[in-house]
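Spelled out, the chains give:
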Amino acid sequence: MSNKKVERINFTQIVSTVLVLVILIFIGVSFKGEVDTAIRAEEEEIYHGLLQQANRVDKRMAEIFDRAKLNKFWLEEMPLSEIENVNLDDYSWDYHSELEITYLINTEEHLGSIYIDGKIEELNDYQINEIKRIISSFNFQAFMLDHVTFESWVIYYTDEQIISAYPYTKAEKVFDPEGLTASEVFEYVRQNIKMLKEQATPEILADGWESDLSPDLNGEEVMFTRNWPIVIDEKIHGIYQSGFDLEPLENLYDMPYDNDKFFIVDGNNQVVYDNTRSILEVEQFELLDINNLEDFKNSPYGDGYYSSKENKLTYILDLKNTNWKVVYQVELNPLSKLVGSSIIVNYFVYILLTLVITVFLFRYLHLSNIRRLKAEQAIIKDITYDYLTGALSKKMLDSKLLGFIENHEECIFSVAMLDIDDFKKVNDTYGHGFGDKVLKQVSDTIKQSLRDGDIICRFGGEEFLIILSNTDINLAKDICNRIIRNIELDTKEILGIVVTASIGVVNYAGNHNKESIINMADDNLYRAKNKGKNRVEGSEVIS
């Protein structure tokens with residue numbers, strides 16, 4: 001009897017201990033959920049505050065760049081009448097014998113400086129015309145510098161051995177003070193313009209590029225510099241450079257947190273503003289390593305990236321109208337949000353009023369249901385999608401294609417068969433592991449190139465079948481051409497090799513079964529291969 005009693009006591013103790021542990025686990029899990037909720041709420045609050053800061057910076061800088069860019073447009077689109085009205089004899093010129101340059105004597109307040117390699121009487125017609133263009137631009141530059149916040153100076157380097165600056169700048173400030181002769185400076189400029197002509201991209205021609213931070217021409221302030229090519233008659237004539245004062249950026253930050261760091265980063269990842277240091281220290285600022293985003297993930301609260309480790313929150317937001325970024329770091333203390341609240345007391349009251357067994361059973365059933373749903377979802381996913389590419393599996397093709405055929409009178413559609421060109425050569429050269437990466441990348445590119453309602457299916461090997469809804473044959477060809485262009489671009493950029501694909505497409509407009517439609521698309525694919533690959537061949541099915 002005694003042994004049975006001990007057994008009953010031990011069993012009761014075990015059960016009681018288990019129930020106490022269950023309660024403690026429940027308290028811990030629930031409390032952690034409250035802490036996580038508080039963290040997420042604070043993270044979201046910080047994100048939206050930072051987004052306002054980013055939009056403010058973006059709007060200001062985009063406005064500054066757009067206005068400053070008007071100087072470039074004025075130089076390029078200068079009316080011929082303005083140029084012809086300039087007479088060089090109306091201005092005073094002198095020869096700097098030490099530097100061997102001719103320069104414009106500043107006799108009027110609105111004039112800038114002009115420096116010519118050599119003597120003025122040696123100028124050719126092109127150089128004379130360029131000087132007239134520059135003089136004509138001085139009034140406009142004076143107006144812009146008076147009305148564009150930040151902009152402090154501009155320099156125009158031409159390939160006609162001419163350099164101009166506004167406002168007026170002494171020759172010793174324009175030319176290198178560390179031993180280069182003026183001729184060497186002009187040659188350096190000429191080589192830069194030559195390189196620009198050879199390497200200019202549409203992006204550079206449209207938006208220019210940024211230079212490293214540096215002191216202004218007088219060495220008194222730190223400047224941010226933006227460069228634009230000057231294009232006249234479809235030819236690059238020179239480089240137009242604007243210098244911007246960074247100090248007004250200090251007025252754009254007002255986040256209400258202590259011990260935080262707010263950076264404004266230019267297109268070269270150079271910090272141009274740090275709320276913890278004076279703007280005068282900017283030359284000592286480091287380049288932020290924000291190209292490597294392995295520790296970051298997409299922000300759950302909107303565009304941008306974020307990282308949250310050991311209560312340190314970091315956001316990186318791209319500015320929409322410039323290629324700048326804002327970076328924000330702050331230390332979070334989630335418990336401070338809970339101290340003084342009734343949450344802790346409520347949990348104890350909730351535990352006392354709640355039946356432990358009911359909670360235990362509920363959690364058990366809930367977890368069991370989650371496991372069952374996950375198992376079912378895993379089975380459905382295996383049946384529905386190709387494991388490697390994420391495209392629909394071939395098993396799903398029949399039902400999808402039959403659905404389109406049955407409803408073709410309400411929704412015309414096209415079927416495209418895509419085959420990766422020379423895929424065997426990719427496998428033989430780089431290995432099957434890399435070949436799998438190519439298949440995955442091609443599938444991802446196809447998905448990104450399609451519209452809502454379109455379907456991609458892995459048909460087998462390196463072949464994909466695509467169903468394009470609401471398309472006639474012309475629209476279908478356009479979409480297919482976009483796909484093969486994007487495949488070529490994405491594989492080169494992401495995988496480092498150029499991969500091409502061929503597509504055969506057919507528009508369903510008649511009474512055919514799925515096998516015949518697929519065969520027709522395959523026939524067109526065969527034609528595309530025979531005509532040189534990396535192309536689209538299509539036709540319309542006639543009933």
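Residues numbered from 1 in each chain as written. Predicted model: local features only at pLDDT ≥ 70, side-chain atom pairs only at ≥ 80, totals over all residues. Heavy atoms only, no water.

**Q** Just checking my understanding: could you explain the packing of aromatic side chains for this structure?
**A** Centre distance and the angle of the planes are the two values used to describe a pair of aromatic rings. Taken as a whole and assessed by the stated rule, the structure comprises eleven aromatic pairs. Relative to Phe-434, the ring of Tyr-430 has its centre 4.9 Å away and its plane inclined at 35°; by these criteria the two rings are tilted. Judged by relative accessible area, Tyr-430 falls into the partly exposed class, the value being 45%. Given the relative accessible area of 18%, Phe-434 is considered buried. Chaining the aromatic ring pairs together yields one cluster made of Tyr-47, Tyr-301, Tyr-306 and Tyr-315. The residue whose ring lies beneath Lys-394 is Phe-459, and the NZ or CZ to ring-centre distance is 4.3 Å. (Phe/Tyr/Trp six-rings, centres within 6.5 Å; stacked < 30°, edge-to-face > 60°. Buried < 20%, exposed > 50% of the residue type's maximum accessible area, 1.4 Å probe, protein only. Lys NZ or Arg CZ within 6 Å of the ring centre and 35° of its normal.)

**Q** Can you help me understand the pattern of salt bridges in this one?
**A** If the charged atoms of two oppositely charged side chains come close together, the side chains can form a pair. Counting across every chain of the model gives 16 salt bridges. Measuring nitrogen to oxygen at the nearest pair gives 3.2 Å for the salt bridge that ties Lys-320 to Asp-303. Of this pair, Lys-320 sits in the loop between β13 (312-318) and β14 (325-331) while Asp-303 is found in the loop between β11 (297-298) and β12 (305-309), placing the two residues 17 residues apart along the sequence. The salt bridge partner of Arg-451 is Asp-454, with a shortest N-O separation of 2.9 Å. Arg-451 gets classed as partly exposed once you look at its relative accessible area, which sits at 30%. A relative accessible area of 12% places Asp-454 in the buried class. Among the ionic contacts, a cluster of salt bridges with common partners joins Arg-527, Lys-531, Arg-535 and Glu-537. (Salt bridge = Lys/Arg side-chain N within 4 Å of Asp/Glu carboxyl O. Helix = DSSP H or I, 4+ residues; strand = E, 2+ residues; numbered from the N terminus.)

**Q** Is there a simple way to explain the packing of helix α11 (residues 432-449) against helix α12 (residues 473-495) in this structure?
**A** Between two packed helices, both the angle of their axes relative to each other and the distance between the axes serve to describe the pair. Close contact between α11 and α12 brings their axes to 9 Å; oriented N to C, the two are set at 135°. Classified by the angle their axes make, α11 and α12 are oblique. Where α11 crosses over α12, the two elements pack in a sense that is right-handed. Packed against α11, whose contacting residues are Phe-434, Lys-437, Val-438, Gln-441, Val-442, Thr-445, Ile-446, Gln-448 and Ser-449, the element α12 presents Ile-479, Arg-482, Ile-483, Asn-486, Ile-487, Asp-490, Thr-491, Ile-494 and Leu-495 at the interface. Considering only residue class, the contact of α11 with α12 consists of nine nonpolar, six polar and three charged. (Axes fitted to C-alpha atoms, helices over the stretch in contact; angles between N-to-C directions. Parallel < 35°, antiparallel > 145°, perpendicular 65-115°, else oblique. Left-handed = near helix turned anticlockwise from the far one by under 90°. Contact = heavy atoms within 4.5 Å. Nonpolar A, V, L, I, M, F, W, Y, C, P; charged D, E, K, R; others polar.)

**Q** Help me understand the sheet that holds β14, please; the structure alone is not making it clear to me.
**A** Strand pairing in a sheet is mediated by backbone hydrogen bonds. Such pairs are either parallel or antiparallel. Read from one edge of the open sheet, six strands run β10-β9-β14-β13-β12-β11, paired in antiparallel fashion. Two strands close off the open sheet at either side, each with one partner strand: β10 (271-274) and β11. When β13 meets β14, the two strands line up antiparallel, connected through seven bridges. Bridging across to β14, Leu-313 finds its partner in Val-330. (Pairing = 2+ DSSP bridges.)

**Q** Quick question: what am I supposed to make of the sheet that holds strand β19 (residues 536-540) here?
**A** Read across the sheet, five strands follow the order β16-β17-β15-β18-β19 without closing on themselves; strand pairing throughout is mixed. The open sheet terminates on both sides in strands that have one partner only, identified here as β16 (455-460) and β19. Strand-to-strand twist in this sheet, taken as the mean axis angle between neighbours without regard to direction, amounts to 20°. Bridge count between β16 and strand β17 (residues 463-469): five bridges; the pairing is antiparallel.

**Q** Quick question: what am I supposed to make of the side chain of Thr-445 here?
**A** Of note, Thr-445 is situated in helix α11. Thr-445 sits in the buried class, given a relative accessible area of 1%. Other than its neighbours up to four places away in sequence, Thr-445 contacts Ile-483, Asn-486, Ile-487 and Asp-490.

**Q** Explain unusual backbone geometry to me, please; I cannot follow it from the model alone.
**A** With glycine set apart, most residues show a phi of negative sign, and most peptide bonds adopt trans. Non-glycine residue Glu-100 carries a positive phi angle of around 60°. Topologically, Glu-100 is positioned in the loop between β1 (93-96) and β2 (101-104). One non-glycine residue, Asn-470, lies in the positive phi region at around 55°. Considering the arrangement of structural elements, one finds Asn-470 in the loop between β17 and α12.

What is shown is where atoms sit, not what they do.
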